[in-house]
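Below, each chain spelled out in residue letters.
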Amino acid sequence: MKVEETGSVNDCFGKYGQSQKGFETGQASSDTRFVFSRSVLLKSLSMLLHFGSGNRKQKHDPPAEIKSGEEKTSRFPPWRDDLVSTTFIEIKYKQQIHNPMKRIRINAGKIGLEFRNGDYKRVLPAGKYWVNPFSTILIYFDSVAFQPPISLDILLRDEKLKEMLNVVEVKDGEIALQYEAGNFQTVLTPGRYAFWKSLTKVVFRVVNTENVEIETGIDLSTLKRKELIPFVQVCNVGNFEKAVLFIDNKMERILNPGTYYFWKSTREVSVAKTDLRQLQMEVSGQEILTKDKAALRINFFSQYKVVNIEKALIENKEYEKQLYILMQFALRAYIGTLTLDELLENKESIAEFVMRELKEKAAKLGVEIKDCGVRDIILPGEMKEIMNQVLVAQKQAQANVINRREESASTRSLLNTAKLMEENEMLFKLKEMEYVEKIAEKIGEITVSGNGQVLEQLKSVFSTGK
């Protein structure tokens, strides 16, 4: 037991205040004893009663120091002397301890973190707790991601809190797919994340995007979600196409028709496609000189098909242009050996020569020639006039030959007829009657005058006399 002696009212109040502070801070016990002189004790008690019964808003100055043994004055209410029987009175002070803590409740589905003066103290799961009134309590829902108010490393020093958190670390070149109850939720980019371990099962799938080809375990519906659009590159290869996949400008493999998904990363992904259908190429208006220096233009076509995509896209650059040039060279090489007349007479031979010439060379381009032919041959304007004149002359000569042949045949027929009539008088008379009949067909009216001798004259005309 601690016993102290004082001789003034100020000391009395000062010791009382120290005892109060000691009880609040835990540095004093409830059985601390103070010994005061009788007069000081009486005056101190009178002040307490006087201040307690008056207006609490009124301010009272503390009384001046009173020496030990001094008589009481009229400033204090009268007191009975029999209350104090000794010169010094021993008082055992019984303090009723005040509880400064406050009580809080953390509901189910929530978790609290206690901070005091900015420092983390402890984690508060669902339940009731007594906490310091100067503490700050942060409440979190355990169904959402945890956003730490301070460094996560500091919080993870608490083993209890560490067991309640699921920490996910996503490195550079990686992403994490978050699934809740088996359903895709969101994408986590490189960083450090913390999630509460709750009743809902949360699964994280970390994917290395440097491996550009997407694993087969990820659903197609997930890849089409809008959250993944910034991270996925899509390539479509049509039913009539094939493609070559290049990663960092290096060929990886051949892509058949379908839809392909690749991760976007620091590695470059590109796709080269080609059409596998039968295609047509035309050489239009190609100006060529024939053997006899006749200038003409030719329209030529060929039908081809890509049969080897590696040769067409990898071993050769712009195979279509190369095929076009090969067709030009083949046309020039063949037409230059023929005259214009020979060319016009043997147009079909051009296609045969070109197809035979291109077969081996096109195979090196990964292409197969299916068919080819001459669409038309165009002559210059002057050449057209000359050709027309030649054609007219040829036709005229043919016409003359025919006319002379007909004239000869007609003359020969007349000669034979004359010989027959000379040998046979009756035949001559028949011929005369034939001509008379022809003449009569053209005459509408005949007037005969002959002095009565008309009948004899007609008779003599048609008689067969020798």
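Residues numbered from 1 in each chain as written. Predicted model: local features only at pLDDT ≥ 70, side-chain atom pairs only at ≥ 80, totals over all residues. Heavy atoms only, no water.

### Considering the overall build of the protein chain
Moving on, step 1. Along the protein chain, the regular secondary structure elements total 12 helices and 22 strands.
Moving on, step 2. Burial status across the protein chain gives 30% buried among its 466 residues.
Moving on, step 3. At a minimum sequence separation of 6, the contacts of the protein chain that also span at least 24 residues come to 67%.
Moving on, step 4. Of the roughly 31500 Å² of accessible surface on the protein chain, 50% is carried by carbon and sulfur atoms. (Helix = DSSP H or I, 4+ residues; strand = E, 2+ residues; numbered from the N terminus. Buried < 20%, exposed > 50% of the residue type's maximum accessible area, 1.4 Å probe, protein only. Contact = heavy atoms within 4.5 Å. Areas by Shrake-Rupley, 256 points an atom, 1.4 Å probe, with all protein chains shown as cover.)

### A closer look at the packing of aromatic side chains
Moving on, step 1. Tallying each qualifying case throughout the model produces seven aromatic pairs.
Moving on, step 2. With centroids separated by 5.0 Å and ring planes inclined at 75°, the aromatic side chains of Tyr140 and Phe146 adopt a geometry described as edge-to-face. Like Phe146, Tyr140 is buried.
Moving on, step 3. Ring-pair connections join several aromatic residues into one group, and the members of that group are Tyr140, Phe146 and Trp196. (Phe/Tyr/Trp six-rings, centres within 6.5 Å; stacked < 30°, edge-to-face > 60°.)

### Focus on the nonpolar core
General note: in soluble globular proteins, nonpolar side chains tend to be found buried as a group.
Moving on, step 1. Phe300, Leu323, Ile350 and Val367 are the most contacted members of the largest nonpolar core, which totals 33 residues.
Moving on, step 2. Elements that contribute at least two residues to this core include exactly β20 (279–289), β21 (295–306), α7 (319–335), α8 (340–345), α9 (348–364) and β22 (367–378).
Moving on, step 3. The biggest single contributor to this core is α7, with eight residues.
Moving on, step 4. Counting residues in each nonpolar core, the second largest holds 15 residues, with Phe146, Leu155, Met164 and Trp196 among its members. (Core = buried A, V, L, I, M, F, W, Y, C linked by side-chain atoms within 4.5 Å.)

### Topic: a negative patch on the surface
Moving on, step 1. A surface patch of like charges, here negative, comprises Asp292, Asp341, Glu342 and Glu345.
Moving on, step 2. With respect to the helices, strands and loops of the structure, Glu342 is situated in helix α8. (Patch = residues over 30% accessible without salt bridge, like charges linked within 9 Å, V, L, I, M, F, W, Y side chains within 5 Å. Salt bridge = Lys/Arg side-chain N within 4 Å of Asp/Glu carboxyl O. Lys, Arg positive; Asp, Glu negative; His and termini not counted. Charge placed at Lys NZ, Arg CZ, Asp CG, Glu CD.)

### Describing unusual backbone geometry
Moving on, step 1. The backbone of Asp248 shows a phi angle near 55°, a positive value even though the residue is not glycine.
Moving on, step 2. Given the relative accessible area of 39%, Asp248 is considered partly exposed.
Moving on, step 3. The backbone of Glu318 shows a phi angle near 55°, a positive value even though the residue is not glycine.
Moving on, step 4. Along the chain, the position of Glu318 falls in the loop between α6 (309–315) and α7.
Moving on, step 5. The partly exposed category is assigned to Glu318, whose relative accessible area is 45%.

### Some points on a nonpolar patch on the surface
Moving on, step 1. A surface patch of nonpolar side chains, about 460 Å² in accessible area, is lined by Leu420, Met426, Leu427, Leu430 and Met433.
Moving on, step 2. Considering the arrangement of structural elements, one finds Met426 in helix α11 (residues 425–442).

### Regarding the side chain of Ser302
Moving on, step 1. Within the secondary structure, Ser302 sits in strand β21.
Moving on, step 2. Judged by its relative accessible area of 1%, Ser302 falls in the buried class.
Moving on, step 3. Excluding its chain neighbours within four sequence positions, the residues that come into contact with Ser302 are Leu279, Gln280, Met281, Met327, Asp371 and Cys372.

### Details of the confidence of the model for the protein chain
Low pLDDT means the predicted coordinates in that region are not meant to be read closely.
Moving on, step 1. For the protein chain, per-residue confidence averages 78 on the pLDDT scale, and 73% of positions sit at 70 or higher.
Moving on, step 2. With pLDDT under 50 throughout, residues 1–9 is counted as low confidence; its partners more than four residues away or in other chains account for 31 contacts.
Moving on, step 3. Confidence drops under pLDDT 50 across residues 15–36; counting only partners more than four residues distant or on other chains, this segment forms 46 contacts. (pLDDT = per-residue confidence, 0-100.)

### Here we look at the sheet that holds strand β5 (residues 110–116)
Moving on, step 1. The strand order across the open sheet built from three strands is β6-β5-β8, with neighbouring strands paired in antiparallel fashion. A single partner strand is all that each edge strand has here, and the edge strands are β6 (119–124) and β8 (135–141). Strand after strand, the sheet turns through a mean of 25° between neighbouring axes, direction not considered.
Moving on, step 2. Relative to β6, β5 runs antiparallel, the two being bridged by five bridges. (Pairing = 2+ DSSP bridges. Axes fitted to C-alpha atoms, helices over the stretch in contact; angles between N-to-C directions.)

### Structural notes on the pattern of salt bridges
Moving on, step 1. Enumeration over the complete set of coordinates arrives at 13 salt bridges.
Moving on, step 2. Here Arg116 and Glu114 are joined by a salt bridge, their closest N and O atoms 3.3 Å apart.
Moving on, step 3. Exposure remark for Arg116: the relative accessible area of 29% places this residue in the partly exposed category.
Moving on, step 4. Looking at Glu114, the relative accessible area reads 2%, which means it is buried.
Moving on, step 5. Put simply, Glu114, Arg116 and Arg122 are held in one network by salt bridges that share partners.

### Side note on the sheet that holds β20
Moving on, step 1. The antiparallel open sheet is built from three strands, whose spatial order is β20-β21-β22. Edge positions in the sheet fall to β20 and β22, since each of these pairs with one other strand and no more. Neighbour-to-neighbour, the strand axes of the sheet open up by a mean angle of 20°, direction not taken into account.
Moving on, step 2. In this structure, β20 lies alongside β21, joined through nine bridges in antiparallel fashion. The partner of Met281 across the bridge, within β21, is Ser302.
Moving on, step 3. Contacting β20, β21 and β22, α7 runs over the sheet at an angle of about 40° to β20.
Moving on, step 4. Relative to the sheet, α9 contacts β21 and β22, its axis offset from that of β22 by approximately 150°.

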